[in-house]
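Spelled out from the first residue to the last, the chains are:
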2 protein chains.
Amino acid sequence: MTATTPTGSRTRLTPEQRRSQLLDLGVRLLATRSLDELSIDLLAEEAGISRGLLYHYFGNKHAFHEAVVRRAADDLIAQTAPPVDGEPLERLLVSVAAYLDYVVANYEGYLSLVKGAAGGNDTLREIYEEARSALTDRIFREDAQGTIIPDTPASRLIVRGWAALAEELVLTWVVDPAGVTRDELLGILAASLPALVDAVPGPA
Amino acid sequence: MTATTPTGSRTRLTPEQRRSQLLDLGVRLLATRSLDELSIDLLAEEAGISRGLLYHYFGNKHAFHEAVVRRAADDLIAQTAPPVDGEPLERLLVSVAAYLDYVVANYEGYLSLVKGAAGGNDTLREIYEEARSALTDRIFREDAQGTIIPDTPASRLIVRGWAALAEELVLTWVVDPAGVTRDELLGILAASLPALVDAVPGPA
């Protein structure tokens, strides 16, 4: 594998760069198929390299799957990063729209991650929980615009529940929009978090 | 197995009654263990009857698990039935409190149902979806007090999301209440549904 530098010359990739390219390919393949369907054989065929070389990079199928899912989770976190500027709720809306677009574009792979994590695969569970924490912790992170909601045990619980709601709504809507438009869905998702927070009883 | 009639005499059970008693025992055993841990051997030991007789009643382990989970789902639906009278939101609160109590009392079995359904077991998925539909359809059912929310595609989606939120909050809270009291949790759960419904954008 080679890469083109900014000056147009071709340069040999380091092993780390090769591995990273293969992971990117794995993530692309995972977008339209489940983790069960993502084999070393398929990746070897698509990459045009030997299975032996893939085992050299990833060790075994389990480690390969783990590396691909970690990369996919990193992509999800990066792609849904809210803009630095703007009102908190506008920034939340942008982030939620990016989440919806990510799930639409990577439905099969994302669904297999959710199912695997919920079904008791510890590695997938760990990656899934890390990604969800990264996504929801943003909501509590202090920034120039201040936090959207106060950081209390009750609101932490609410945000966790909201994340489950958002995931359920998006996964349901992608399969059957039932007359709800994309904009309506985004409106529901973004409005639901402050509505939930307002519904939390205050400290006694 | 025998049962005592209201008049105190003992009477021989019909096969259907025996099967039902065994299912009740299975549900009780499932309360404190996962479905994987609920074996025909264990049920035979607890019931004091032979494994052969259990196979006679249930066919195989898969059919036994299916029957127990269906019974457990029926119990959940029955125990969380809202009272006939009262304001819609009071009735919702009673139903939600019963749901919380059910999960607390049957945590291991309930968690294994949720995991099995999410993890891709089609039979568990079907029973889980039926139970959830039964629980959420109540919210749309017309009654003397009127419906809590209008029956539109957007509000159907919202209620589905709310059910995911409620399940996530309850399962999280049971493991780690994080300083949130039972009453606070119930307040959050009951207040969140109308808050979400109010957040749904109206028809264009």
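Residues numbered from 1 in each chain as written. Chains lettered and ligands numbered in written order. Predicted model: local features only at pLDDT ≥ 70, side-chain atom pairs only at ≥ 80, totals over all residues. Heavy atoms only, no water.

> Quick rundown of the overall build of chain A? Include the residues and the values.
A count of helices and strands for chain A gives nine helices and two strands. Taken from the N to the C terminus, the helices and strands of chain A come in the order β-β-α-α-α-α-α-α-α-α-α. For chain A, the proportion of its 204 residues judged to be buried stands at 48%. On chain A, roughly 10,000 Å² of surface is accessible, and the fraction owed to carbon and sulfur atoms is 53%. (Helix = DSSP H or I, 4+ residues; strand = E, 2+ residues; numbered from the N terminus. Buried < 20%, exposed > 50% of the residue type's maximum accessible area, 1.4 Å probe, protein only. Areas by Shrake-Rupley, 256 points an atom, 1.4 Å probe, with all protein chains shown as cover.)

> Outline the relation of the copies chain B and chain A, supporting the account with residue identities and numerical values.
The operation relating chain B to chain A is a screw motion whose rotation component is 180°, with 0.0 Å of axial translation and a residual RMSD of 0.0 Å. Such a combination of turn and shift is consistent with a two-fold rotation axis. Nearest to the rotation axis, the C-alpha of G119 of chain B is located 1.9 Å from it, this being the minimum over chain B. Taken together, the interface assignments show that 100% of the residues at the interface of chain B recur at the interface of chain A, consistent with an identical surface on both copies. (Least-squares fit on C-alpha atoms with pLDDT ≥ 70 in both. Contact = heavy atoms within 4.5 Å.)

> Which residues make up the UniProt feature "DNA-binding region" (unreviewed entry) in chain A, and what values do they have?
The residues that UniProt annotates with the feature "DNA-binding region" (unreviewed entry) are residues 39–58 of chain A. Between the C-alpha atoms that bound residues 39–58 of chain A there is a distance of 12 Å. The span itself is 80% helix and 0% strand. (UniProt positions renumbered as here; feature names shortened; annotations may be inferred.)

> Give me the confidence of the model for chain A: which residues, what numbers.
Across chain A, the average pLDDT comes to 86, with 90% of residues at or above 70. When mean pLDDT is compared element by element in chain A, helix α2 (residues 40–47) of chain A scores highest at 94, while strand β1 (residues 2–4) of chain A scores lowest at 50. (pLDDT = per-residue confidence, 0-100.)

> Can you break down helix α3 (residues 51–58) of chain A residue by residue, with the values?
Residue and element names in this part refer to chain A. Regarding α3, the residues found buried are L54, Y57 and F58. Each buried residue of α3 sits inside an arc of 80° when the element is viewed along its axis, so together they form one side. Where the residues of α3 are buried, they touch α1 (15–31), α2 and α4 (61–79). One or two positions beyond α3, positive phi appears at G59, with a value near 85°. (Arc of directions from axis to C-beta.)

> Could you give an account of unusual backbone geometry, naming the residues involved and the relevant values?
Residue and element names in this part refer to chain A. Here A178, not a glycine, exhibits a phi torsion of approximately 50°, which is positive. Note that A178 resides in the loop between α8 (153–175) and α9 (182–199). With a relative accessible area of 39%, A178 lands in the partly exposed category.

> Any chance you could break down the interface of chain B and chain A for me, citing the residues and the numbers?
Taken together, the contacts link 30 residues of chain B with 30 residues of chain A. Interface area lost by chain B to chain A is led by L157, E168 and I188 of chain B, which between them contribute 22%. Connecting chain B to chain A are four salt bridges. Close ionic contact of E168 of chain A with R160 of chain B constitutes a salt bridge, the shortest N to O distance being 2.7 Å. In this assembly, chain B and chain A are joined by six residue pairs in polar contact (both at pLDDT 80 or more). (Buried area = accessible area lost by both parts, 1.4 Å probe. Salt bridge = Lys/Arg side-chain N within 4 Å of Asp/Glu carboxyl O. Polar contact = N/O pair within 3.5 Å; in protein donor to acceptor, adjacent residues only side chain to side chain.)

> Describe the packing of helix α1 (residues 15–31) of chain B against helix α4 (residues 61–79) of chain B, and please don't skip the residues or the numbers.
Residue and element names in this part refer to chain B. In contact at an axis separation of 9 Å, α1 and α4 are set at 80° when each is read in the N-to-C sense. The orientation of α1 relative to α4 falls into the category roughly perpendicular. When α1 is examined against α4, the residues R19, S20, L23, D24, G26, V27 and L30 are found in contact with a partner set consisting of A67, V68, R71, A72 and D75. When its residues are assigned to classes, the contact of α1 with α4 shows six nonpolar, two polar and four charged. (Axes fitted to C-alpha atoms, helices over the stretch in contact; angles between N-to-C directions. Parallel < 35°, antiparallel > 145°, perpendicular 65-115°, else oblique. Nonpolar A, V, L, I, M, F, W, Y, C, P; charged D, E, K, R; others polar.)

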